[in-house]
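Here is what each chain is made of, one letter per residue.
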Amino acid sequence: MKRNADRIIFTIIAYVSFIILLGIITLIAIEGIPLLKTYSLKELVFGKEWRPTQTPPLFGFLPSIVSTFYIAVFSMLFAVPISLGSAIYLSKLASPQVRSFLKPTIELLASIPSVIYGSFAMLFLSPIIKNIFHLPTGLTGLNASIILAIMSIPTIITLADDAISLTPKEEELASFGLGASKYQTIMKVTIPSALPGIFAAITLGFGRAIGETMAVLMASGNSIRIPSSILEPMRPITASIALEMAETPVGSLHYRALFMLGFVLLIFVLLFNMLSRYLRKIYIKRLYG
């Protein structure tokens, strides 16, 4: 009876999670999709001008979409190597004393409010980037990417460390028995075995980067145009919504456009998650036959 009760409880929790997700998607769609009566989806997604106060208003999503992916992708280029190296060190190389100190410290970084990270990017990173690259301002996509990488690192390290730690000991012992060194075992046995979990950690980190609002808003420069370089000011989707939603009349075209922009971001995130799950299944199938 206890087993059946547990099964029922967990089933209900799973369906509640799904219903909440479905409700969020439905609400955003209801508020945003009426904009398609006035503008085509092609006009919105590929439009290069965002001028909500113009007559007629222009709602081009492309500058925000490009800025979002610029910042998210570059943040992962910074975060992934550091995170994986740290996870490997914590799992396989660090002494128990060092691990017991470093892991809680790293996990503590995930609890720092995003506004603190944004302030750090504005006051510390921005002047450094400005001076190094001789820019008019240090509030650029690079600044936002670095601070997002710092914010994503604790999440990726924690999940990757768990995945590496769960690698079957038998496989590692077999590798040592065949004469492999510790480094060879880590690179040829441990990492390939833990790769599905590592990939899930990177996916979650990318989701954190693409959906972050406050830190990006403070660090990116908020220039609503298509960037040609990571060293230019940018305004990703989340920053556009946060900056303009409070000043927009409910039910107006501008209001609908912001919800439609959020709906596009949500679709991109869902597609990325589906792609990552598909690639993970392919890898597991090839790994285990």
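Relevant structure appears above.
As the structure is a computational prediction, the values presented were derived from the model and not from experiment.

Peer 1: In this structure, what is going on with unusual backbone geometry? I would like to understand it.
Peer 2: What is expected of a backbone is that most residues other than glycine have negative phi and most peptide bonds are trans. The omega torsion of the bond from Thr55 to Pro56 falls at -10°, within 30 degrees of zero and hence cis. When you line up the elements, Pro56 lands in the loop between β1 (50-51) and β2 (58-59). Its identity as a non-glycine residue notwithstanding, His134 has a phi of 55°, on the positive side. Along the chain, His134 falls in the loop between α5 (114-133) and α6 (141-165).

Peer 1: Mind showing me how you'd approach the packing of α5 against α6 here?
Peer 2: How two helices pack is summed up by the angle between their axes together with the distance between the axes. At a closest axis distance of 9 Å, the pairing of α5 and α6 adopts a crossing angle of 135°. For the element pair α5 / α6, the angle class is oblique. Crossing of α5 against α6: the hand is right-handed. Residues Ser114, Tyr117, Phe120, Ala121, Leu125, Ser126, Ile129 and Phe133 of α5 lie in contact with α6, whose contacting residues are Leu142, Asn143, Ile146, Ile147, Ile150 and Met151. The residue makeup of the contact of α5 with α6, split by class, is 11 nonpolar, three polar and no charged.

Peer 1: Would you mind showing me how to read the packing of aromatic side chains here?
Peer 2: Remark: the centre distance and the inter-plane angle together describe each pair of aromatic rings, the angle taken between the planes. Within the structure shown, the criterion is met by eight aromatic pairs. Considering the side-chain rings of Trp50 and Phe61, the 6.1 Å spacing of their centres and the 40° angle between planes classify their relative orientation as tilted. Within this pair, whereas Trp50 is found in strand β1, its partner Phe61 is found in the loop between β2 and α3 (62-93), the two being separated by 11 residues in sequence. Ring plane angle 20° and centroid distance 6.1 Å describe the contact between Tyr70 and Phe74, whose orientation is recorded as stacked. You can see Tyr70 and its partner Phe74 sitting in helix α3, four residues apart, about one turn around the helix. For Tyr70, a relative accessible area of 22% puts it in the partly exposed group. Cluster of aromatic residues (ring-pair linked, three or more members): Tyr39, Trp50, Phe59 and Phe61.

Rules behind the numbers
Starting from 1, residues in each chain are numbered consecutively following that chain's sequence as written. This being a predicted model, a pLDDT of at least 70 is required before a residue's local features are given, and a value of 80 or more before pairs of side-chain atoms are given or counted; all residues contribute to the totals for chains, interfaces and linings. Computation of side-chain values covers all heavy atoms of the structure but excludes hydrogens and water. Only runs of H or I of at least four residues qualify as helices and only runs of E of at least two qualify as strands under DSSP, and these elements are numbered from the N terminus. The axes are straight lines fitted to the C-alpha atoms, using for helices just the contacting stretch, and the angles between their N-to-C directions are given from 0 to 180°. Our angle categories are set so that under 35 degrees counts as roughly parallel, over 145 as roughly antiparallel, 65 to 115 as roughly perpendicular, and the remainder as oblique. Each crossing gets its hand from how the near helix is turned against the far one by less than a right angle, where anticlockwise is left-handed and clockwise is right-handed. Throughout, a contact is declared for two residues whenever any of their heavy atoms are within 4.5 Å. Basically, the charged four are Asp, Glu, Lys and Arg, the nonpolar ten are Ala, Val, Leu, Ile, Met, Phe, Trp, Tyr, Cys and Pro, and anything else, Gly included, counts as polar. Any Phe, Tyr or Trp ring, taking Trp's six-membered ring, that has another such ring centre within 6.5 Å forms a pair; planes under 30 degrees apart are called stacked, those over 60 apart edge-to-face, and the others tilted. Relative accessibility under 20% of the residue-type maximum defines a buried residue, over 50% an exposed one, and the middle range a partly exposed one, all with a 1.4 Å probe and only protein chains included.

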